[in-house]
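Results of the structural survey
One letter stands for each residue in the lines below.
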Amino acid sequence: RIKSITGREILDSRGNPTVEVDVTLESGHTGRMMVPSGASTGRFEAWELRDGDSSRFRGKGVQKAVHHVNHELSGILIGQDAEDQANLDHRMLELDGTDNKSRLGANAILGISFAAAHAVASAAGKPLYRHLADMYLSENERLSIPLPMVNIISGGLHAGKNIDIQDFLIYPVGAETYPQALEMISAVYWKTQELILKKGYVGYLLADEGGFGPALSSNEEALELLCSAIELAGLKLGEEVGIALDIASSHFYNINNHVYELHSEQRILSSSQMIDMLEQWIHRYPILSIEDGLAEDDWEGWQELTARLGGKVQLVGDDLFTTNPNRIQHGIDIKAGNAVLVKMNQIGTLTETVAAVRLAKSAGFQTVISARSGETEDATLSDLAVGLNGGQIKIGSLARSSRLSKYNQLLRINEQLGGAFAGGSILSHTNH
Ligand code: PGA
Ligand code: ZN
């Protein structure tokens, strides 16, 4: 049973306040969760409660959310059975009373939800991923380390809008083990830096997720750069290392005119023209996955995108689905997308995160368990990805401890799982 719950304001990888929660059980076992935070957030995400008091942290303080943890939420949860995760989460949703957790804050609720799971795992003497697997997977399901998609070059809101597209990532599809995947990623990362220096681009410094944010002249130039880096690293393009994109197009979609405004190239494209561009890129580059290729409001465009490219690449909905089972169900119904980006703080409880993953899997959609651009040293994400058998994980680049804490946690779990790795074959299911 829960004995106490303590929330506090801490700082994340951008130096912005975020919520940390400690849950203590009557047995003395404790669990802790540090809540992540996005920058290119979707309109339909659960609400991250911020103080809005401009005299502290540019209005981004989370003292109100912390207060809700320590008072209202603790008030209804102390004495409850922590093992009944569904009950805890349900009680918090009821107390909040809004559709998007805006009264108490999704950051407050998520912190408690996962801190409780940590405490229960600790009481049972299990690692968190095992506790999650025991709770949510069938008994004989074999766990494996997910295939990482790894940010190398950043644009958009994560790198001062140098280019429009937010994320140029690589997939170490040829790796047979997770440690080998890390070696491949590292090789490409450093070759990319070498190329950026050699070509004399301005902006060799790192972006929010630890990737490079050079001032390129076009979006496609980033693809060229990435391909050169992969080849210079001595890796076979497409066979050993493939490419993934997070277009994050909601952030350059003009909702009134239904067009996409590529500012860095001074081009304005309709949904169909965006799809034409992506189709050309798929033919020119070894692209295996495209996230948010169209905007969160452009369901019709998504239907066309999926009809035209869904048989060739993975089409991931991030802002489109916001880990929300209702929106995922709509996507399944109208055939929009074939994969779901899963971000726990987009929906706000463990129970609902699991519902989103289950729904996606039941429809044959892939899942990519994802970090946010604002992170902490908390590595819960890695346990979640393994414990739900997510198949794929998106953490950011191979730099900055907010990212490495997750990659390193996967190395520890990898040992415990005896080296089971989802590998590149996880992608073949979508490419039928
Ligand atoms: P965010 O970006 O955490 O800033 O929303 C991550 C993503 O778009 O995938
Ligand atoms: Zn995204």
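Just above, that's the structure.
Here's a quick rundown of the structure. (Residues numbered from 1 in each chain as written. Chains lettered and ligands numbered in written order. Predicted model: local features only at pLDDT ≥ 70, side-chain atom pairs only at ≥ 80, totals over all residues. Heavy atoms only, no water.)

**Overview of the sheet that holds strand E8 (residues 259–262)**
The condition is simple: If DSSP finds at least two bridges between two strands, the strands pair. In DSSP terms, a helix is any run of H or I states spanning at least four residues, a strand is any run of E spanning at least two, and both are numbered starting from the N terminus.
Taken together, the three strands give an open sheet; going across it, the order is E7-E8-E9, and neighbouring strands pair in antiparallel fashion. Every interior strand has two partners, whereas the edge strands, strand E7 (253–254) and strand E9 (267–269), have only one. The pairing of E7 with E8 spans two bridges and is classified as antiparallel. Residue pairing in the sheet places Asn254 in a bridge with Val259 of E8.

**Some words on the pattern of salt bridges**
Under the convention used in this document: Salt bridges, as used here, are contacts in which a Lys or Arg side-chain nitrogen is within 4 Å of a carboxyl oxygen on Asp or Glu. Burial here depends on accessible area, computed with a 1.4 Å probe over protein chains only, as a share of the maximum for the residue type. Under 20% is buried, over 50% is exposed, and the range in between is partly exposed.
By the definition in use, this model includes 26 salt bridges. Between Asp246 and Lys394 there is a salt bridge, and its shortest N-O distance comes to 3.1 Å. Here Asp246 is found in strand E6 (residues 242–246), whereas its partner Lys394 is found in strand E14 (residues 391–394), with 148 residues between them in sequence. By the burial criterion, Asp246 is buried, and Lys394 matches it. Three or more residues are tied together by salt bridges with common partners; here these are Asp276, Glu279, Glu304, Arg308 and Lys312.

**Brief notes about the nonpolar core**
For the record, the criterion: Working definition of a nonpolar core: buried Ala, Val, Leu, Ile, Met, Phe, Trp, Tyr and Cys residues. They are joined through side-chain atoms within 4.5 Å. Note on contacts: a residue pair is in contact if any heavy atoms of the two residues lie within 4.5 Å.
Formed by 135 residues in total, the largest nonpolar core has its most connected members in Phe168, Ile170 and Trp281. No other element matches helix H3 (residues 106–123), which puts eleven residues into this core. Excluding residues that lie within four positions of it along the chain, Ile170 makes contacts with Pro148, Met149, Val150, Ile152, Ile185, Val188, Leu226, Ile230, Val241 and Gly242.

**Brief notes about the coordination of the zinc ion (ligand 2)**
Test applied: Metal coordination here is assigned from N, O and S atoms located within 2.8 Å of the ion, or within 3.2 Å for Na, K and Ca; omission of water means that sites may look incomplete.
Looking at the zinc ion (ligand 2), one finds its protein donor set to be Asp246 (OD), Glu291 (OE) and Asp318 (OD), positioned 2.1 to 2.2 Å from the metal centre. Motif for the zinc ion (ligand 2), donor spacing along one chain: D-x44-E-x26-D. Of this pair, Glu291 sits in strand E10 (residues 287–291) while Asp318 sits in the loop between strand E11 (314–317) and helix H9 (325–334), placing them 27 residues apart in sequence. We note that Glu291, like Asp318, is buried.

**Digging into the packing of aromatic side chains**
Between two aromatic rings, the relevant description is the distance of the centres plus the angle of the planes. What counts is decided by this rule: Each Phe, Tyr or Trp ring, with Trp reduced to its six-membered ring, pairs with another whose centre is within 6.5 Å; inter-plane angles below 30 degrees give stacked pairs, above 60 give edge-to-face pairs, and intermediate values give tilted ones. In this scheme, Lys NZ or Arg CZ marks a charge over a ring once it lies within 6 Å of the ring centre and within 35 degrees of the ring normal.
In this structure the tally under the stated criterion is seven aromatic pairs. When the centroid spacing of 6.4 Å and the interplanar angle of 50 degrees are considered together, the rings of Trp299 and Phe321 count as tilted. In this pair, Trp299 sits in helix H8 (residues 299–309) while Phe321 sits in the loop between E11 and H9, placing the two residues 22 residues apart along the sequence. A connected cluster of aromatic rings, assembled from ring pairs, spans Tyr189, Trp190 and Phe212. For Arg327, the ring lying beneath its charged end belongs to Phe44, and the centroid distance is 3.7 Å.

**With respect to the site of ligand 1**
To keep it simple, the criterion reads: Proximity criterion: a residue is near a molecule or strand once any of its heavy atoms comes within 4 Å of it. Throughout this description, a polar contact denotes any pair of N or O atoms lying within 3.5 Å of each other; where both atoms belong to protein, one of them has to be capable of donating a hydrogen while the other can accept it, and for residues adjacent in sequence the pair is counted only when both atoms sit in side chains. Computed by Shrake-Rupley with a 1.4 Å probe, the accessible areas treat only the displayed protein chains as cover when residues are assessed. For this scheme, ten residues count as nonpolar: Ala, Val, Leu, Ile, Met, Phe, Trp, Tyr, Cys and Pro. Four count as charged, namely Asp, Glu, Lys and Arg, and the remainder, Gly too, count as polar.
Around ligand 1 lies a shell of 14 residues, among which Ala39, His158, Arg372, Ser373 and Lys394 are the nearest. One of the side-chain N or O atoms of Asp246 is found 3.1 Å from an oxygen atom in ligand 1. For ligand 1, the accessible surface in isolation is 280 Å², of which the surrounding protein chains cover 99%. For the shell around ligand 1, the residue count by class is two nonpolar, five polar and seven charged.

**Here we look at the packing of helix H1 (residues 63–77) against H3**
Defined as follows: Here, axes are lines fitted to C-alpha atoms. For helices the fit covers the stretch in contact, and angles between N-to-C directions go from 0 to 180 degrees. For classification, angles of less than 35 degrees are called roughly parallel, those exceeding 145 degrees roughly antiparallel, those between 65 and 115 degrees roughly perpendicular, and all remaining angles oblique. Helix crossings are classified by the rotation of the near helix relative to the far one: an anticlockwise turn of less than a right angle makes the crossing left-handed, while a clockwise turn makes it right-handed.
Running from N to C, H1 and H3 point in directions that differ by 55 degrees, and their axes come no closer than 9 Å. Looking at the two axes, H1 sits oblique to H3. When you trace H1 past H3, the crossing you get is right-handed. Contact with H1, carried on its side by Ala65, Val69, Leu73 and Leu77, involves Asn107, Ala108, Ile109 and Ile112 of H3 and no other residues of that element. A class-by-class count of the residues in the contact of H1 with H3 yields seven nonpolar, one polar and no charged.

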